Structure formats: structure tokens, C-alpha cells
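Notes for the structure review
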Amino acid sequence: MSDWERRIGAAWAAIDDYEGRPEAFRALIDELADELPADDPVAAFERACAWDSTGHSDRAVPLYRFALEHGLTGYRRRRAVIQMSSSLRNIGRAGTAVTLLEAERALDPAGLDEPTRGLADAISATLALCLVDTGREREAVSVAVAALAPHLPRYQRSMAAYARRLIEPS
């Protein structure tokens, strides 16, 4: 892990220390992001996260979009898709978020590293919320139950089948 990665991780670990001082936290992230080239997608992503985490989804979306369009990769890329989708939902654009999340779910997991694959349930949870906001409640429950099923100590097969039946044509 690089020194920069260690320092950005420490900044995020200390976010609760900035309660009531969101501008100070964003300034800390900006200072670290400024160490990277101006067009670096990681810098844009970290800034987006800071805006998002301090209640400004509207300011985060363009930064997530920049990061994704400028080559953000791996674990951060998947986080950006999830977080931007959540932010889009927060600003009334859940339909756009559904499209992004469905595309992300369609990626072949074999082409992803383990930490990135590990975000699959976060994609499902965010998608379920976005589906509710678009009036697709049955599909939302199906996505949520299907994501939960593998974590149950029993009834995995039953719950997975029930999740499918919620969205199958009658």
C-alpha cells in the first residue's frame, strides 16, 4: 500500500471526528486529492465520496461520473457505480440508477477480483431501493430476497425460488 493510500484510508477512518464540520473533512480529502494529477479518476472519486458522505449527493454525481469516464478501475470503480447510483436516487433520478446497477450486475464476476466481487450484495441493496423509487416494488423485493438467501443458515433454495417467482410471469 502506498503512503498516499495509507493517508487517504486514515482520513476516511477519522470521518466521525469531523461531525458537525463537514467542510473541514472535505478540505482534508481535497488536500490529499490535490496530490494527484488534476485529471486523476481516483482524485475525483475521493472528492465525490467526501461530498456524498457529507450530504451533498448533487455535488458528488458529476465527480463520480468524471471518475468513471476517466478510467477508474477495480474496487473503486464498482464503489463509484454503487455510490453514484445511490446519489442519483437521492436527487430523484432512480431510473438512471437502475440502468447503471443492472449493467453492473450483468458483469461476469469471473473477470473481477475478490474484493470487487464482494460488493455484489451492495449492488443488490442499492438496486432494490432504486426499484422501489421507480414503482417496481415486487422486483425490488425479489432482488433483496435473492441477495439475502445465500446468507441464511437454512432455506436458501426456498428463498431463491420465492425471489424468482415474484418476478416470473403468472
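Report on the accompanying structure. (Residues numbered from 1 in each chain as written. Predicted model: local features only at pLDDT ≥ 70, side-chain atom pairs only at ≥ 80, totals over all residues. Heavy atoms only, no water.)

Comments concerning the overall build of the protein
The secondary structure content of the protein amounts to 10 helices and 0 strands. Projected onto its principal axes, the C-alpha coordinates of the protein cover approximately 55 × 35 × 30 Å. When burial is assessed residue by residue, the protein has 36% of its 170 residues classed as buried. Considering only contacts in the protein between residues 6 or more positions apart, those separated by 24 or more positions represent 54%. Accessible surface for the protein amounts to roughly 9,700 Å². Of this, 54% is attributable to carbon and sulfur atoms. The distance from the centre of the 21 positive side-chain charges to the centre of the 26 negative ones in the protein is 8 Å. (Helix = DSSP H or I, 4+ residues; strand = E, 2+ residues; numbered from the N terminus. Buried < 20%, exposed > 50% of the residue type's maximum accessible area, 1.4 Å probe, protein only. Contact = heavy atoms within 4.5 Å. Areas by Shrake-Rupley, 256 points an atom, 1.4 Å probe, with all protein chains shown as cover. Lys, Arg positive; Asp, Glu negative; His and termini not counted. Charge placed at Lys NZ, Arg CZ, Asp CG, Glu CD.)

Remarks on the side chain of Ser87
Its place among the elements puts Ser87 in helix 5 (residues 74-90). Looking at Ser87, the relative accessible area reads 0%, which means it is buried. There is a polar contact of 2.8 Å between the side chain of Ser87 and the side chain of Asp52. Residue contacts for Ser87: discarding those within four places in its chain leaves Asp52, Ser57, Ala60, Val61 and Tyr64. (Polar contact = N/O pair within 3.5 Å; in protein donor to acceptor, adjacent residues only side chain to side chain.)

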